[in-house]
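One-letter residues, chain by chain:
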Amino acid sequence: MKKIKIRLGTKALLVLTALFFGLILAGRAQDRHLVYDLKVELLTETAMLNGQETIVWTNITRDYVPDIWFHLYWNAFKNELSTMAQEARREKMFSRYRAGKDDWGWIKITSLTTASGKDLMPAASFISPDGPHNPHDQTVLRVELPEPLAPGETITLNIDFQAKVPRNGLRTGYYKDGFFIAQWFPKPGVYEEGRGWNCHEYHLNSEFFADFADFRAEITVPSRMVVGACGQEIEKKEDPASGKTTYTYVGKNIHDFAWTASPRFIKVERWFRADEEVSPEEYQKMAEILGLTPEEIKLPDVRMILLIEKQHQKQIERHFKALRAAIKYYGLWYGPYPYPTITMVDPPFRTGSGGMEYPTLFTAGTSVILEKEVLSPEQVIVHEFGHGYWYGMVANNEFEEAWLDEGINTYSTGRVTDLAYGPGRLPMKFKGWPLNWLIKTPAVYDWQLGRVVSNPVATLDPIVTESWKFYNSMSYSMNVYYRAATALHTLERLLGEKTWSRIMRAYHLSYRFRHPKTENFMKVVNEVSGQNLSWFFEEFFFNAKDFDCGIASVETRLKPEKYRGIFDDLPTKNSDQGKEQPLKKPSSRKEKIYQTTITLRRYGQAKPAPAFPLKLKVEFEDGSTEWRAWDAQSRWARFDFEKPARVKTACLDPEGLWLVDSNLANNSYSPRGPGASLQAAAGSFIWMMQNFLLTLFGLL
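> Now, about the environment of Tyr-603: what can you tell me, with residues and values included?
Here Tyr-603 shows up in the loop between strand 30 (594–602) and strand 31 (614–620). Measuring from C-alpha to C-alpha, the distance between Tyr-603 and Cys-549 comes to 5.8 Å, with 54 residues separating the pair along the chain. Excluding residues within four positions of it along the chain, Tyr-603 makes contact with Asp-548, Gly-550, Ile-551, Ala-552, Arg-635 and Asn-666.

Written as structure tokens, this is what we have:
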């Protein structure tokens, strides 16, 4: 009864959420507690922005709020002493962010008043909330209010600001007359009831966190510019006298706003037509997996917009093919894409803005010369669109729990590319020139690459770690992207496709337009699966433990025909029959019997729950097979076999469920002939080189 109850409850959750997610998107505007009205002009000659901003913020908590904290992200590029600059210096990456005399980026509020005209600038001060205190960082501004804002009260703030686009920015920047503008306006943090403002400094190893809002933005640029932005373009006004054009965009229920402008863009539009992209058979198959009807998972049509650099225009259809695959599979698995448009940007050259996501807009990144059989730019396109589902709609705090976006999306990206393209070759370039025509790199699936490259960082940091507190950038990226994705692939294999698919859809639809935490994801996993899997998260997400179980030894000997020694005819109790029988002396026999002892070891610290034992499969030369189960709670275990044949092969976890196992080389055994030592040494060398090369290619 318990399982039936859980199954029905999950189905009801999926159905109801799917039916009403559109109402959530359209209807919550009436109680939206944050609204932006932005006006900005780009001065291309000086790479400056002149901006005005009106913010309407409502206190929807039960707290009395005494202040408002703002992100001023571009001040991270203001000098060599910002928090980001100091973190980059520690990791020997500072030269990437060092700027010339006129290339430093910054943002300055020149006026901050309430709707009644009250000047709040005297009550403003820079703070560094993350510690250690950095008096030189100016990425968080605290503004005291004239009086605390009571529950339910609304405040309107009018802000004038100027900003210098950073030349060597991170995720934003310009080169000549090509601009990508992100994190460019004063943006409030997220107020959390009982905790206060969640508003972190801009760190090297972190992205963003903001409240859902309604945006209206007027963007004025030279008329020669082609513009793209989050949301939908609703108006375009040209002023021939000044040579300027103003574009107006609106975005509903999004939590950020970015835009781009370049005279070298080619703007191309296509449609994702759901009836052409998804067959009735595909709808039926997915509906059966999810326990829904095909009508309940129908996808909408989506207007696709591509801004691509002129030198890459031969790749237009390649870009759209990847985007169609992403819209299709993310929609079928997790829920329909809810916005009418998606804008894909081939970012302006040398702006440092490639491979980044924003609500309803993302940047890809490509090159003029592409490598055959290398899934670039396809993987980037799928990945960055996918962020619209996790970072964009299921908007976790990327400062504090980056894996909920990066890890889940890396897992999802791999699934899409596996289905749409199959394995891809690893990229290999020298100074931008592809080398695959000289060296054929391996063709691997994304999950295979992720498993290998994340092994070296398994014991450095837990996956659930605040982004700026990881050991270094390598540990951050490999843990929150690949280690987390590998753990999710493992969970999928342990629970099965049907259960896992329902878990992922239930989580996504339940937390659309909300700010979930790891505990929320765990709760959905446990409820939908009907099992307590908290142990898995404790072992692999909240702790930095290595999981490595393997076959330590296989010893086989011929059973003696006779045993030596003295054997008395004393009675012994037969446990099966419950009566005493005389002990018989061992008798001789002609058939050969082999006694085999297989020793298993848990080399790593992490271990499974007893309910999820590892399987041991042993095949013998006579064609027979024996199975054993080991819960791996102890450090080692021995299994004995008596068979009229030797062991042919032995394999621990033959189904490949435990992808988090850091060393698969010790999971199998076969008898060794002459040259065994050389073979063992060669095998170990190849395994080490594979790890090294895959790690290297993963960073290219």
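Next comes the rest of the description.
> An account of helix 6 (residues 316–334) is requested, with residue identities and associated values reported.
For helix 6, built from 19 residues, the straight-helix expectation of 27 Å at 1.5 Å per residue is met to within 8% by its first-to-last C-alpha distance of 27 Å. Of all the 19 residues making up helix 6, 16 are buried; the element is thus mostly covered by neighbouring parts of the structure. Directly after helix 6, the chain includes Gly-335, whose backbone phi takes a positive value near 135°.

> Can you explain the sheet that holds strand 33 (residues 636–643)? Please cite residues and give values.
One open sheet holds the 3 strands; their spatial order is 27-30-33, and the pairing between them is antiparallel. This sheet does not close on itself; its edge strands, each paired only once, are strand 27 (549–558) and strand 33. Each strand of the sheet is rotated relative to its neighbour by a mean of 15°, with strand direction disregarded. By the bridge criterion, 9 bridges tie strand 27 to strand 30 in an arrangement that is antiparallel. Considered in strand 30, the bridge of Leu-558 is made with Tyr-594.

> Explain the packing of helix 5 (residues 280–290) against helix 6 to me, using residue names and the numbers behind them.
Look at helix 5 against helix 6: their axes get within 10 Å of each other, and the N-to-C directions meet at 35°. Across from Glu-282, Tyr-283, Met-286 and Leu-290 in helix 5, the residues of helix 6 making contact are Lys-328, Tyr-329, Leu-332 and Trp-333. By residue class, the composition of the contact of helix 5 with helix 6 is 6 nonpolar, no polar and 2 charged.

> Please set out a nonpolar patch on the surface residue by residue, giving values where relevant.
Taken together, the side chains of Val-368, Ile-369 and Trp-433 make up a nonpolar region of the molecular surface, amounting to roughly 330 Å² of accessible area. Its place among the elements puts Ile-369 in the loop between strand 22 (361–363) and helix 7 (378–393).

> I'd love a proper account of the environment of Tyr-389, names of residues and values included.
Of note, Tyr-389 is situated in helix 7. Using a relative accessible area of 0% as the deciding quantity, one classes Tyr-389 as buried. It is 8.3 Å that separates the C-alpha atoms of Tyr-389 and Tyr-334, two residues lying 55 residues apart in sequence. If near-sequence neighbours (up to four positions away) are discounted, Tyr-389 is found in contact with Tyr-330, Gly-331, Tyr-334, Gly-335, Pro-336, Tyr-337, Val-394, His-508 and Arg-512. Here the side chain of Tyr-389 touches Gly-335 through a polar contact of 2.7 Å, landing on its backbone oxygen.

> Residues and numbers for the pairing of strand 16 (residues 244–254), please.
Examined bridge by bridge, strand 13 (residues 213–222) and strand 16 share 9 bridges and lie antiparallel to one another. Looking at the pairing, Glu-218 lines up with Thr-248 of strand 16. Direction of pairing for strand 15 (residues 232–239) relative to strand 16: antiparallel, over a ladder of 7 bridges. Along strand 16, the bridge assignment pairs Glu-233 with Tyr-249. The hairpin formed by strand 15 and strand 16 contains 4 residues between the paired strands, and Gly-243 there has a positive phi angle of roughly 70°.

> Describe the sheet that holds strand 31, listing the residues and the values that go with them.
Strands pair in a sheet through their backbones, by hydrogen bonds, and they do so in one of two ways: parallel or antiparallel. One open sheet accounts for 4 strands, arranged 32-31-34-35; its pairing is antiparallel. Lying at the two open borders of the sheet, with one neighbouring strand each, are strand 32 (625–630) and strand 35 (668–669). One ladder, built from 5 bridges, connects strand 31 with strand 34 (residues 647–652); its direction is antiparallel. The partner of Lys-617 across the bridge, within strand 34, is Cys-651.

> Can you lay out helix 7 for me, pointing to particular residues and giving the numbers?
Between its terminal C-alpha atoms helix 7 stretches 22 Å, which fits the 22 Å expected from 16 residues at 1.5 Å a residue. Along helix 7, the helix axis deviates most sharply at His-387, where the bend reaches about 30°. For helix 7, the buried fraction is high: 14 of the 16 residues fall into the buried class.

> Describe the side chain of Ser-128, listing the residues and the values that go with them.
Relative to the elements of secondary structure, Ser-128 occurs in the loop between strand 5 (124–126) and strand 6 (140–149). A relative accessible area of 11% means that Ser-128 is categorised as buried. Among the polar contacts listed, one links the side chain of Ser-128 to the side chain of His-133, at a separation of 2.8 Å. Ignoring sequence-local partners within four residues, the contact set of Ser-128 consists of His-133, Asn-134 and Glu-201.

> I'd like to hear about the packing of aromatic side chains, residue by residue, with values.
A complete count under the given rule lists 48 aromatic pairs for this structure. Judged by centre distance (5.4 Å) and plane angle (75°), the ring pair of Tyr-36 and Phe-185 falls under edge-to-face. Taken as a pair, Tyr-36 in strand 1 (residues 34–43) and Phe-185 in the loop between strand 9 (178–181) and strand 10 (187–188) lie far apart in primary sequence, 149 residues in all. Phe-185 carries the same exposure label as Tyr-36, and that label is buried.

Definitions and limits used
- Residues numbered from 1 in each chain as written.
- Predicted model: local features only at pLDDT ≥ 70, side-chain atom pairs only at ≥ 80, totals over all residues.
- Heavy atoms only, no water.
- Helix = DSSP H or I, 4+ residues; strand = E, 2+ residues; numbered from the N terminus.
- Contact = heavy atoms within 4.5 Å.
- Expected span 1.5 Å × (residues − 1).
- Buried < 20%, exposed > 50% of the residue type's maximum accessible area, 1.4 Å probe, protein only.
- Pairing = 2+ DSSP bridges.
- Axes fitted to C-alpha atoms, helices over the stretch in contact; angles between N-to-C directions.
- Nonpolar A, V, L, I, M, F, W, Y, C, P; charged D, E, K, R; others polar.
- Patch = residues over 30% accessible without salt bridge, like charges linked within 9 Å, V, L, I, M, F, W, Y side chains within 5 Å.
- Areas by Shrake-Rupley, 256 points an atom, 1.4 Å probe, with all protein chains shown as cover.
- Salt bridge = Lys/Arg side-chain N within 4 Å of Asp/Glu carboxyl O.
- Polar contact = N/O pair within 3.5 Å; in protein donor to acceptor, adjacent residues only side chain to side chain.
- Bend = angle between axes of the 7 residues up to and from the residue.
- Phe/Tyr/Trp six-rings, centres within 6.5 Å; stacked < 30°, edge-to-face > 60°.

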